[in-house]
Amino acid sequence: MKSTASAPGKVILFGEHFVLYGGKAILCSINKRIFATSQFLDEKKVKVRSSLGNAELDIRSISELDFGTTRFMRPFFYIAKRALEEHGENKGIEIVLESEVPAGIGLGSSSAVCVAVTASVNGLFERLSKQEVVKRAIEAERIIFKETSGADTSVSTFGGLMIYGTNSGFQEISSKNDLDLVIANSSQVHNTKEIVRQVRTFKEKNVDFFDQLCKQEDEIVNEALSALKKNDLNTLGLLMSKNQDLLQEIKVSTKQIDLLIREAKKTSYGAKITGAGVGGCIISLVDNSNLAATIDNLKKVADCFPVKIDYQGLLYI
Ligand code: PMV
C-alpha cells in the first residue's frame, strides 16, 4: 500500500519578518507542488529518498542523531516515528519526495514538504484533517526552525490567499483573484533561520526605528487587503514596492535583488522580495498585458517563471 499527498509552495505578498513581531502577513500558495509517497517497510527503518539526497535510520536512533548534511530531513524522521509509535506498528516507512519547488529560495519548500510528508505518512493509517496536518507539520518544522511563524505551513495546507498573524492565526481572504506573478531567482541560496537572527539583532539595535517600520508595514498590509478585495492591481503593485523599501531598511535586500527589482518594475505593477531575503526570490505582479514583457526583462538577468495562486492546498492523491 502506498500513500501519496502533495502540498504547494508559497509566496509572501506582504509582511515577511514583521510577522514575527506582532504584524500580519499576506501569503498565497502557488501552483508548484511537492509530492510525498510513503509505504511500509518490513525492516524497522525510516528511509527518505529525494533529489537533494537520501538518508535512512533505525527507528530507535532517530532522536539521537546529528543529521549533518541531511539535517533538513529531520522532521520527516520525526513524523514517521511518531505515526509508527501512535499506531503501535512494528514496521518501518519509506518516504519518496518529488518537488517542483526549488529549495532554499523563499518559496516555502521546507514547509510544503512537512505538510506533504505529514499527510502521506499518516495516510498509511488514516487520512488526517487539514487542521490536524497543519498542527503536526508545524511541530515537525519547529524541530529545525524553532522560530517559524507557521505562516508557510498554514497556507500550504489550506491553499489560496490568506492573512496570517502569530496571535490571530490563519484567515482566508475571500477574493477569487487569479493573481499572476513572475518569480525571479537571485540564485543566492539563503538560510531563513540565520536571516531571522540578523533581523532580530537589527531590531534590538534600532528599537524605535524598527517600531516605526512595523507601523508602516501594518498600514501597507491593511491597504493591500482592501486593494486585493477590489482587484486593484495598480495599488497592489505600488504597495509591494513600498514593502520592498521596508525590507531594504532592515537589510535583507542585496545588490542582486535590487537589480532584479529594478528590472521587474520596468514593466510590472510592482515587485518585492518574497520570504526571508538576502538571496532567494523576488515576485513581481503582472497581468496578461505585461506578463511576457516582464519575463523578457527578467530573463536577461535571472531565472524566472510565472506562477498563479493555488486554491487547493494539501491534496491526497
Ligand atoms: O524564506 P522563507 O520562505 O522561509 O520565509 C520566511 C518568512 C519569515 O517571515 C522571515 C519567517 C517566518 O517564519 O515567517
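About the criteria used
- Residues numbered from 1 in each chain as written.
- Predicted model: local features only at pLDDT ≥ 70, side-chain atom pairs only at ≥ 80, totals over all residues.
- Heavy atoms only, no water.
- Phe/Tyr/Trp six-rings, centres within 6.5 Å; stacked < 30°, edge-to-face > 60°.
- Lys NZ or Arg CZ within 6 Å of the ring centre and 35° of its normal.
- Salt bridge = Lys/Arg side-chain N within 4 Å of Asp/Glu carboxyl O.
- Helix = DSSP H or I, 4+ residues; strand = E, 2+ residues; numbered from the N terminus.
- Buried < 20%, exposed > 50% of the residue type's maximum accessible area, 1.4 Å probe, protein only.
- Core = buried A, V, L, I, M, F, W, Y, C linked by side-chain atoms within 4.5 Å.
- Domains from an automatic or database assignment.
- Contact = heavy atoms within 4.5 Å.
- Near = heavy atom within 4 Å.
- Polar contact = N/O pair within 3.5 Å; in protein donor to acceptor, adjacent residues only side chain to side chain.
- Areas by Shrake-Rupley, 256 points an atom, 1.4 Å probe, with all protein chains shown as cover.
- Nonpolar A, V, L, I, M, F, W, Y, C, P; charged D, E, K, R; others polar.
- Buried area = accessible area lost by both parts, 1.4 Å probe.

K.L.:
Can you lay out the packing of aromatic side chains for me, pointing to particular residues and giving the numbers?
P.N.:
Following the criterion strictly, the structure yields five aromatic pairs and no others. Among the aromatic residues, ring-to-ring pairing joins F18, Y21 and F210 into one connected group. For K91, the ring lying beneath its charged end belongs to F40, and the centroid distance is 4.8 Å.

K.L.:
Quick one: what's the story with the pattern of salt bridges, residue by residue and with numbers?
P.N.:
According to the stated counting rule, one finds 17 salt bridges in the structure shown. With a closest N to O distance of 3.7 Å, K135 and E132 form a salt bridge. With K135 and E132 both in helix α3 (residues 130-141) and three residues apart, this pair spans about one turn of that helix. You can call E132 partly exposed: its relative accessible area is 23%. Where E263 meets K266, a salt bridge forms, and the shortest distance between an N and an O atom there is 3.0 Å. Here E263 and its partner K266 are both found in helix α8 (residues 255-267), three residues apart, which amounts to about one turn of the helix. Through salt bridges that share partners, R82, E86, E132, K135, R136 and E139 make up one connected network.

K.L.:
Can you explain the nonpolar core? Please cite residues and give values.
P.N.:
Looking at soluble globular proteins, one finds that nonpolar side chains tend to be buried together. Counting 91 residues, the largest nonpolar core has L13, F14, I26 and I95 as its most contacted members. In terms of residue count, helix α6 (residues 207-230) provides more of this core than any other element does, nine residues in total. Built from parts of two domains, this core gets at least three residues from each of domain 1 (2-172) and domain 2 (180-308). Sequence-distant contacts of I95, defined by excluding residues within four places in its chain, comprise T37, S38, V46, K47, V48, R49, F76, A80, V117 and V121.

K.L.:
Which residues make up the site of the ligand, and what values do they have?
P.N.:
Near the ligand, the surroundings consist of 17 residues, among which K10, H17, S149, T192 and A276 are the closest. Within the contact set of the ligand, an oxygen atom lies 2.6 Å away from a side-chain nitrogen or oxygen of K10. The separation between an oxygen atom of the ligand and a polar main-chain atom of G106 is 3.5 Å. Bound to the protein, the ligand loses 94% of the 390 Å² it would expose on its own. Only β1 (2-14) and α5 (192-205) provide two or more residues apiece to the shell around the ligand. Its residues placed into classes, the shell around the ligand shows six nonpolar, eight polar and three charged. Three or more residues apiece are contributed to the shell around the ligand by two domains, here domain 1 (2-172) and domain 2 (180-308).

K.L.:
Residues and numbers for the domain arrangement of the protein, please.
P.N.:
Partitioning the protein into structural domains gives domain 1 (2-172) and domain 2 (180-308). On a C-alpha basis, the centres of domain 1 and domain 2 stand 25 Å from each other. Taken together, the contacts link 28 residues of domain 1 with 42 residues of domain 2. Both faces considered, domain 1 and domain 2 share a buried interface measuring about 2900 Å² in area, 72% of it formed by carbon and sulfur atoms. Among the residues domain 1 hides against domain 2, the three largest losses belong to F14, F18 and Y21. Together they make up 27% of the total. The partner of E16 in a salt bridge is K272, with the nearest N and O atoms 2.9 Å apart. For the interface between domain 1 and domain 2, the tally reads 11 residue pairs in polar contact (both at pLDDT 80 or more). Of all the secondary-structure elements, those providing two or more residues to the side of domain 1 that touches domain 2 are β1, β2 (24-41) and β6 (161-165). Counting residues per element, the side of domain 1 that touches domain 2 draws most heavily on β2, which supplies seven residues.

K.L.:
Account for the environment of S154, with residues named and values stated.
P.N.:
Structurally, S154 is set in helix α4 (residues 151-158). The buried category is assigned to S154, whose relative accessible area is 5%. For S154 and V115, which are 39 residues apart along the polypeptide, the C-alpha to C-alpha distance reads 8.9 Å. Each residue touching S154, except ones within four places of it in the same chain, is listed here: V134, I138, G159, M162, Y164 and F170.

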